Amino acid sequence: MKKYLIAAILLLLVGAAAFAGAEILRPYRGYTGQAIVEIAPGTQAPEAARLLASRGVLAHSWPFMTLYSLGRWRYHLKAGAYLFDRPLRPLDVYRKILRGDVYLRAVVFPDCS
């Protein structure tokens, strides 16, 4: 009886890991055109994940939070405005924010002479 219980628990764990891995590697796009998401300085990871999910960049916030939980001791999220113009995997969204790959806007100053 114990063998079956242990086997069932292991099977559930393997299934959950496979599901989580597939969800982390599945691209998602829940917006049309482009989405610019502003992450303010001091924003905590759960808030950033909820913001990204509400703007349609992520299907769910938990894959992002899983990635953050695995590497949070080593890395910090970078504040800034991020441009999302194509479907990205949660892993790619996470890496983009860790790198600080912010959206740069061109500013033109008129010549005053």
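In this text, all values refer to a predicted model and were calculated from it rather than measured experimentally.

> Which residues make up the pattern of salt bridges, and what values do they have?
Under the defined criterion, the tally for this structure stands at 3 salt bridges. Across the salt bridge formed by Glu23 and Arg26, the nearest N and O atoms sit 2.6 Å from each other. Residue Asp92 is joined to Arg89 by a salt bridge in which the shortest nitrogen-to-oxygen separation is 3.0 Å. By relative accessible area, which is 24% here, Asp92 ends up partly exposed.

> Can you tell me about the packing of aromatic side chains, naming the residues and giving the values?
For the structure on display, the rule yields 2 aromatic pairs. Here the aromatic rings of Phe19 and Trp62 are separated by 6.0 Å at their centres, their planes lie at 25 degrees, and the arrangement is stacked. In this pair, Phe19 is assigned in helix α1 (residues 2-24) and Trp62 in helix α3 (residues 62-71), connecting sequence segments 43 residues apart. Between Phe64 and Tyr94 the ring centres are 5.6 Å apart and the planes differ by 80 degrees, which places this aromatic pair in the edge-to-face class. On the criterion of sequence distance, the pair formed by Phe64 in helix α3 and Tyr94 in helix α4 (residues 90-99) is long-range, its members being 30 residues apart. As far as the burial class goes, Phe64 and Tyr94 line up, both buried.

> Hey, could you go over the side chain of Glu23 for me, with residue numbers and the actual values?
Here Glu23 is to be found in helix α1. Given the relative accessible area of 10%, Glu23 is considered buried. For Glu23, the residues in contact, after removing those within four places along its chain, are His60, Trp62, Pro63 and Pro90.

> Before we move on, can you summarise the side chain of Lys96 with the specific residues and values?
Along the chain, Lys96 turns up in helix α4. No salt bridge is formed by the buried Lys96. Its closest oppositely charged neighbour is Asp101, at 4.7 Å.

> Can you lay out α4 for me, pointing to particular residues and giving the numbers?
Most of α4 sits inside the fold, with 7 of its 10 residues counted as buried. Of the positions making up α4, those classed as buried are Pro90, Leu91, Val93, Tyr94, Lys96, Ile97 and Leu98. Each element contacted by the buried residues of α4 is listed here: α1, β1 (35-39), α2 (45-54), α3 and β2 (80-84). Downstream of α4 by one or two residues, Gly100 has phi in the positive range, about 75 degrees.

> Give me the nonpolar core: which residues, what numbers.
Most often, soluble globular proteins have nonpolar side chains that are buried together. Membership of the largest hydrophobic core comes to 23 residues, with the highest contact counts inside it found for Leu52, Phe64, Leu77, Phe84, Val93 and Ile97. Those elements giving two or more residues to this core turn out to be β1, α2, α3, β2 and α4. The element best represented in this core is α4, accounting for 5 residues.

Parameters and conventions
- Every chain begins its residue count from 1, and numbering advances along the sequence as written.
- With the structure being a predicted model, the display of local features is reserved for residues of pLDDT at least 70 and the display and counting of side-chain atom pairs for 80 or more, all residues being used for whole-chain, interface and lining totals.
- Values shown for side chains rest on all heavy atoms present in the structure; no hydrogens or waters enter the calculation.
- We count a salt bridge whenever a side-chain nitrogen from Lys or Arg sits within 4 Å of a carboxyl oxygen from Asp or Glu.
- Under the scheme applied here, a residue whose accessible area is under 20% of the maximum for its type counts as buried, over 50% as exposed, and between as partly exposed, the area being computed with a 1.4 Å probe on protein chains only.
- The rule is short: rings of Phe, Tyr and Trp, with Trp giving its six-membered ring, pair when the centres are within 6.5 Å, and they are stacked under 30 degrees, edge-to-face over 60, tilted in between.
- Runs of E in the DSSP output that reach at least two residues are strands. Runs of H or I that reach at least four are helices, and both are numbered from the N terminus.
- We call two residues in contact when some of their heavy atoms are within 4.5 Å.
- Charged-residue counts in this description rest on Lys and Arg as positive and Asp and Glu as negative, His and the chain ends being excluded.
- In this description, a nonpolar core means a group of buried Ala, Val, Leu, Ile, Met, Phe, Trp, Tyr and Cys residues linked to one another through side-chain atoms lying within 4.5 Å.

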